[in-house]
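# Results of the structural survey
Here are the chains, one letter per residue:
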Amino acid sequence: MFYIIGGVATLLLILVIIVFKEKPKYPPSRAQSLSYALASPDASYLSSIIRLFKNLNFVLLVITYGLNAGAFYALSTLLNRMVIRHYPGEEVNAGRIGLTIVIAGMLGAVLSGIWLDRSKTYKNLCHPNCLIR
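The model shown is predicted, which means the values in this text are computed figures rather than measured ones. (Residues numbered from 1 in each chain as written. Predicted model: local features only at pLDDT ≥ 70, side-chain atom pairs only at ≥ 80, totals over all residues. Heavy atoms only, no water.)

This part takes up helix H5 (residues 91-119). Over its 29 residues, H5 extends 42 Å from the first C-alpha to the last, a length consistent with the 42 Å expected when each residue adds 1.5 Å. Following H5 by one or two positions, Lys120 adopts a phi angle in the positive range, close to 55 degrees. (Helix = DSSP H or I, 4+ residues; strand = E, 2+ residues; numbered from the N terminus. Expected span 1.5 Å × (residues − 1).)

The next point concerns the UniProt feature "transmembrane region" (unreviewed entry) in the chain. Here, UniProt's "transmembrane region" (unreviewed entry) annotation points to residues 56-76 and 97-116. Overall, residues 56-76 shows 100% helix and 0% strand. The separation of its end C-alpha atoms is 30 Å. As annotated, residues 97-116 comprises 100% helix and 0% strand, and the C-alpha atoms at either end are separated by 28 Å. (UniProt positions renumbered as here; feature names shortened; annotations may be inferred.)

A contiguous nonpolar surface patch, about 1,200 Å² in accessible area, is contributed by Ile4, Val8, Leu11, Leu12, Leu13, Ile14, Leu15, Val16, Ile17, Ile18, Val19 and Phe20. Residue position: Leu13 is located in helix H1 (residues 2-19). (Patch = residues over 30% accessible without salt bridge, like charges linked within 9 Å, V, L, I, M, F, W, Y side chains within 5 Å. Areas by Shrake-Rupley, 256 points an atom, 1.4 Å probe, with all protein chains shown as cover. Salt bridge = Lys/Arg side-chain N within 4 Å of Asp/Glu carboxyl O.)

This part takes up the packing of aromatic side chains. Per the counting criterion, the structure on display carries 2 aromatic pairs. Ring plane angle 85 degrees and centroid distance 5.3 Å describe the contact between Phe53 and Phe58, whose orientation is recorded as edge-to-face. (Phe/Tyr/Trp six-rings, centres within 6.5 Å; stacked < 30°, edge-to-face > 60°.)

The first and last C-alpha atoms of helix H4 (residues 56-86) sit 43 Å apart over 31 residues, in line with the 45 Å expected at 1.5 Å per residue. The sharpest bend along H4 comes to roughly 50 degrees, located at Leu78. All of the buried residues in H4 are Ala69, Leu79 and Val83. Summarising the contacts, the buried residues of H4 are in contact with H5. (Bend = angle between axes of the 7 residues up to and from the residue. Buried < 20%, exposed > 50% of the residue type's maximum accessible area, 1.4 Å probe, protein only. Contact = heavy atoms within 4.5 Å.)

Attention now moves to the environment of Ile97. Assignment of secondary structure puts Ile97 in helix H5. Relative accessible area serves as the criterion here: at 37%, Ile97 is assigned to the partly exposed category. Taking the C-alpha atoms as reference points, Ile97 and Asn80, separated by 17 residues in sequence, lie 9.3 Å from one another.

Here we come to the packing of H4 against H5. To describe two helices that pack against each other, one gives the angle between their axes and the distance between the axes. Running from amino to carboxyl end, H4 crosses H5 at an angle of 155 degrees, the nearest separation of the two axes being 8 Å. Comparing the axis directions of H4 and H5 gives the class roughly antiparallel. Both H4 and H5 take part in a crossing whose hand is right-handed. In contact with Phe72, Leu75, Leu79, Asn80, Val83 and Ile84 of H4, H5 contributes Glu91, Ala94, Ile97, Gly98, Ile101 and Val102. Residue classes in the contact of H4 with H5 are distributed as 9 nonpolar, 2 polar and 1 charged. (Axes fitted to C-alpha atoms, helices over the stretch in contact; angles between N-to-C directions. Parallel < 35°, antiparallel > 145°, perpendicular 65-115°, else oblique. Left-handed = near helix turned anticlockwise from the far one by under 90°. Nonpolar A, V, L, I, M, F, W, Y, C, P; charged D, E, K, R; others polar.)

Inspection of the secondary structure assignment puts Pro27 in the loop between H1 and helix H2 (30-38). Excluding anything up to four places from it in sequence, Pro27 contacts Gln32, Ser33 and Tyr36.

As structure tokens, this is what we get:
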């Protein structure tokens, strides 16, 4: 079965490489046509990465996302060990705790998204003086 899936994926990859072009003949939007016109020929992947890391907002976003994701993955990876050490034989409850963490995160993401859409306070969340206001 894996050989069949691998064969189909390889065939699709070959077709994509042969059929698809780097750019469409006509730009799909006005913004894309402007980016074609303004693109410098010496722009490279490395220069765009360097430019990104010079942007303070991007660096702050990367750090906060990394801390959030790292804390979640560390907790979810070690949750079973932490629960079993203090409460032997409670594997099912460790799973329930993990499920609760995931559902609470999903619910929090949805609710904070709705709140941000209604209040339009995107920058106040990240502003250093937001607690003073």
